[in-house]
Amino acid sequence: MVQLANHYRAARTRFPEEKLLVSFDIDGTIIDLRHMVVYVLQAYDRHYQTNWFHALQPEDIDFHENQVSLLLKTLDVPLDERSRILTWYFDTRWSKEAIIESHRPFRGVLELIRWLQLQPNTFVGLNTGRPESLRFDTLQSLNQLGQEYRVQFTTSLLKMNPYGWEYVPRSKAVATKAFRDEGYRIVAAIDNEPQSLQAIASADVDSEILLLHADTLFETHRSALPARTVVGRSYDVSAFVQKRSLPQHVQFVWQRVDSRAKLERFMQADIHWAEVPIYRDPYTQQLAVNVGESDLTLDAVLAAFNSAERGINLKLHDTGLYIDQILELCDKHAIADNNLWFSGDIGMLKERDFRVLATRRLGAIVQVNIDPLASLIWSAPQHAKLLLEAFVSWGVTRFSLGWHVEHRKNVLKQFEHWDFDINIHDVDTMEAFLRAALLLPTSITSDFSVNGISAENEHDAASIIPLTFA
Ligand SMILES: [Mg+2]
């Protein structure tokens, strides 16, 4: 992935005006067909009321999908039944039902495709050995899988095999040439079959395509791989994700800066916003960011944010009675509206509180956490929308949804059709952070000290790189 990232950047610099394309094989490259093998064999068990495959897991499949007979041998299936199973398997594995129900993407591949599709004048082409007759089902299943990543595949960028299931390498070469003839400059081709990469290389007269071997399960011999092939086993999109290559207009918020140590770390990083939870200290009665650290008063914190010209997201707990006091402190420290963000939970803040915040600070972000409404948005979106519009009429400008909330995918999909700004909070791993960022919400709230993303220096090209995968 690092080589692909570098190769892509070099091509972008060299050919700034051209349409760049990365071509992907589908089976064994985007789709992990081990799930299909298990699905079709277990369907056999159900159909014939047998019990050969009930314990079979995708991880048990260590052979190419054309070599199921090997499995039957190890399971000691009697010979006559073996042929009945194989007939079933070969007859049903490309059925519409099997394609829709059992195709699963490899981890990370759809994030990679999404990242590529977000880059200007950059395209993802599909170059598959599947026959033309599967065009519709192929697009339907891939677009269904891509939906939650906002990945879309179109028929014009899908090259199928005109020779049926035969002559796959020839078809790969023809498709490579076709993409070029249509005006795309092919940056890289990813395939799991060595012979397919060999064929693509033969059509690459200028040797400018980066050949990537998806080292999954494959049928043709490894020795067919052209010498310049780069071999990889996983899609680690973090190779692409430097601060500069993340969507530029997504705001990042450092979640829960509630101690001196976290505040110091935040101030050294290049994340603009920090979420600071505000309580009233039960001993001193002062407003403080952490009940246990009474010397970290809101007064002191606001002074620090003001002198650093950083944005503060005040997370308000039980504040109804002292909202005026908070606003006075913000005024005292001359925190500008564009560096001010209030967030609260339903049940903590009331209509009056939202109205006061929004009228006293017209340009500030006023956010409400909608996790308690996720089920309603999912089950009765039109009713939920009326409720959200009521919040907007009180001055709320942004809604925040937790990454781990049930129905998250459906809620985010619903928000695509609504004109509300959305923040995603509790984004707690590198993988989740990348997926969330690629969905292009208005903002993301994430604990940057634990999610493995370092953001120490804005000017360092590798300023956001994974340190660990939590
Ligand atoms: Mg393949």
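Residues numbered from 1 in each chain as written. Predicted model: local features only at pLDDT ≥ 70, side-chain atom pairs only at ≥ 80, totals over all residues. Heavy atoms only, no water.

**A closer look at the coordination of the magnesium ion**
This is how it is decided: Because no water is among the atoms considered, metal sites can look incomplete, with donors defined as N, O and S atoms within 2.8 Å of the metal, or 3.2 Å for Na, K and Ca. Classification of residues uses two cut-offs on accessible area relative to the type maximum, computed with a 1.4 Å probe and protein chains only: under 20% is buried, over 50% is exposed, and between them is partly exposed.
Donor atoms from the polypeptide that bind the magnesium ion are Asp25 (OD), Asp27 (O) and Asn192 (OD1), placed at 2.1 to 2.2 Å. Exposure remark for Asp25: the relative accessible area of 5% places this residue in the buried category.

**Considering unusual backbone geometry**
Note: most residues except glycine have negative phi, and most peptide bonds are trans. Definition in use: Strands are runs of DSSP state E lasting at least two residues, helices are runs of H or I lasting at least four, and both sets are numbered from the N terminus onward.
Of note, the phi angle at Glu309 is positive, near 50 degrees, even though the residue is not glycine. Residue placement: Glu309 occurs in the loop between helix H11 (298-308) and strand S10 (311-316). A positive phi is found at Ala334, a non-glycine position, where the angle reads about 50 degrees. Relative to the helices and strands, Ala334 is located in the loop between helix H12 (323-332) and strand S11 (340-345). Ala334 sits in the exposed class, given a relative accessible area of 54%.

**A few points about the packing of aromatic side chains**
For the record, the criterion: Classification of ring pairs rests on two measures: the distance between centres of Phe, Tyr or Trp rings, Trp counted by its six-membered ring, which must be within 6.5 Å, and the angle between planes, read as stacked under 30 degrees, edge-to-face over 60 and tilted in between. Two conditions define a charge sitting above a ring: the NZ of Lys or the CZ of Arg must be within 6 Å of the ring centre, and it must be within 35 degrees of the ring normal.
Enumeration over the complete set of coordinates arrives at 26 aromatic pairs. Pairing Phe391 with Phe399 gives two aromatic rings, centres 6.4 Å apart and planes at 80 degrees, and the pair type is edge-to-face. No difference in accessibility class separates Phe391 from Phe399, as the two residues are buried. Judged by centre distance (5.4 Å) and plane angle (65 degrees), the rings of Phe415 and Trp418 are edge-to-face. Using a relative accessible area of 9% as the deciding quantity, one classes Trp418 as buried. Taken together, the aromatic side chains of Phe354, Phe391, Trp394, Phe399, Phe415, Trp418 and Phe420 make up a single cluster linked through ring pairs. Positioned over the ring face of Tyr163 is Arg170, at 4.4 Å from the centre of the ring. In this structure, Arg398 is placed above the aromatic ring of Trp341, and the distance from its NZ or CZ to the ring centre is 4.7 Å.

**With respect to the side chain of Asn339**
Condition: For this analysis, a polar contact is any N or O atom pair within 3.5 Å, provided that within protein one partner can donate a hydrogen and the other can accept it, and provided that sequence-adjacent residues contribute only side-chain to side-chain pairs. Should any heavy atoms of two residues lie within 4.5 Å, those residues are counted as being in contact.
When you line up the elements, Asn339 lands in the loop between H12 and S11. There is a polar contact of 2.7 Å between the side chain of Asn339 and the side chain of His272. Setting aside chain neighbours within four positions, we find Asn339 in contact with His272, Trp273, Glu309, Arg310, Gly311 and Ile312.

**Observations concerning the domain arrangement of the protein**
A common measure of how large an interface is: the accessible area buried when the components associate. How we decide: A domain assignment, automatic or from a database, supplies the domain bounds used here.
What the domain assignment reports for the protein is domain 1 (2-31 + 105-239), domain 2 (34-102) and domain 3 (243-446). For domain 2 and domain 3, the distance between their C-alpha centres works out to 50 Å.

**Considerations on the sheet that holds strand S2 (residues 122-131)**
Inclusion rule: Two strands are said to pair when DSSP picks up at least two bridges between them. In this analysis an axis means a line fitted to C-alpha atoms, helices contributing only their contacting stretch, and an angle means the value between N-to-C directions, from 0 to 180 degrees.
One open sheet holds the six strands; their spatial order is S3-S2-S1-S4-S5-S6, and the pairing between them is parallel. Where the open sheet ends on each side, the last strands, each with one partner, are strand S3 (158-161) and strand S6 (230-232). In this sheet, neighbouring strand axes are inclined to one another by 25 degrees on average, regardless of whether the strands run parallel or antiparallel. Strands in contact with helix H8 (residues 168-181) are strand S1 (19-24), S2, S3 and strand S4 (184-191); relative to S2, the strand with the most contacts, it is inclined by about 155 degrees. Across the sheet, helix H9 (residues 194-203) is in contact with S2, S4 and strand S5 (210-214); its angle to S5 comes to roughly 170 degrees.

**Things to note about the pairing of strand S12 (residues 365-369)**
Within a regular beta strand, the side chains point alternately toward one face of the sheet and then the other, so they alternate between its two faces. The condition is simple: If you view a crossover with the strands going away from you and the path from the first strand over the helix to the second runs clockwise, you call it right-handed.
Counting buried residues in S12 gives five out of five residues, a clear majority hidden from the surface. Both faces of S12 are covered, namely the face carrying Ile365, Gln367 and Asn369 and the face carrying Val366 and Val368. Relative to S12, S11 is paired through five bridges, and the arrangement is parallel. Paired with Ser343 across the two strands is Gln367, which belongs to S12. Each parallel crossover has a hand, and for S11 linked through helix H13 (residues 351-360) to S12 it is right-handed. Both S12 and strand S13 (residues 398-402) contribute to a ladder of three bridges, which runs parallel. From the neighbouring strand, Val368 faces S13, where its bridge partner is Phe399.

**Looking at the nonpolar core**
How we decide: Note on terminology: a nonpolar core comprises buried Ala, Val, Leu, Ile, Met, Phe, Trp, Tyr and Cys residues joined through side-chain atoms within 4.5 Å.
With 127 residues, the main nonpolar core has Phe24, Leu314, Ile326, Phe342 and Phe415 as its most contacted residues. Residues Leu157, Ile200, Ile209 and Leu225 belong to the second largest nonpolar core, which totals 12 residues.

**Some remarks on the packing of helix H6 (residues 109-118) against helix H17 (residues 430-438)**
Rules: Left-handed describes a crossing whose near helix is turned anticlockwise from the far helix by less than a right angle; the clockwise case is right-handed. All residues other than Ala, Val, Leu, Ile, Met, Phe, Trp, Tyr, Cys, Pro, Asp, Glu, Lys and Arg, Gly among them, are scored as polar; the first ten of these are nonpolar and the last four charged.
In contact at an axis separation of 10 Å, H6 and H17 are set at 35 degrees when each is read in the N-to-C sense. The handedness of the crossing between H6 and H17 is left-handed. Of the residues in H17, those touching H6 at Glu111, Arg114, Trp115 and Leu118 are Glu431, Arg435 and Leu438. Here the contact of H6 with H17 is built from residues that sort into three nonpolar, no polar and four charged.

**Points about the environment of Cys330**
Mapped onto the elements, Cys330 comes out in helix H12. On the basis of relative accessible area, Cys330 is assigned to the buried category, the value being 0%. As for Cys330 and Ala303, which are separated by 27 residues in sequence, their C-alpha atoms are 9.2 Å apart. If near-sequence neighbours (up to four positions away) are discounted, Cys330 is found in contact with Leu302, Leu314, Ile335, Leu340 and Arg361.

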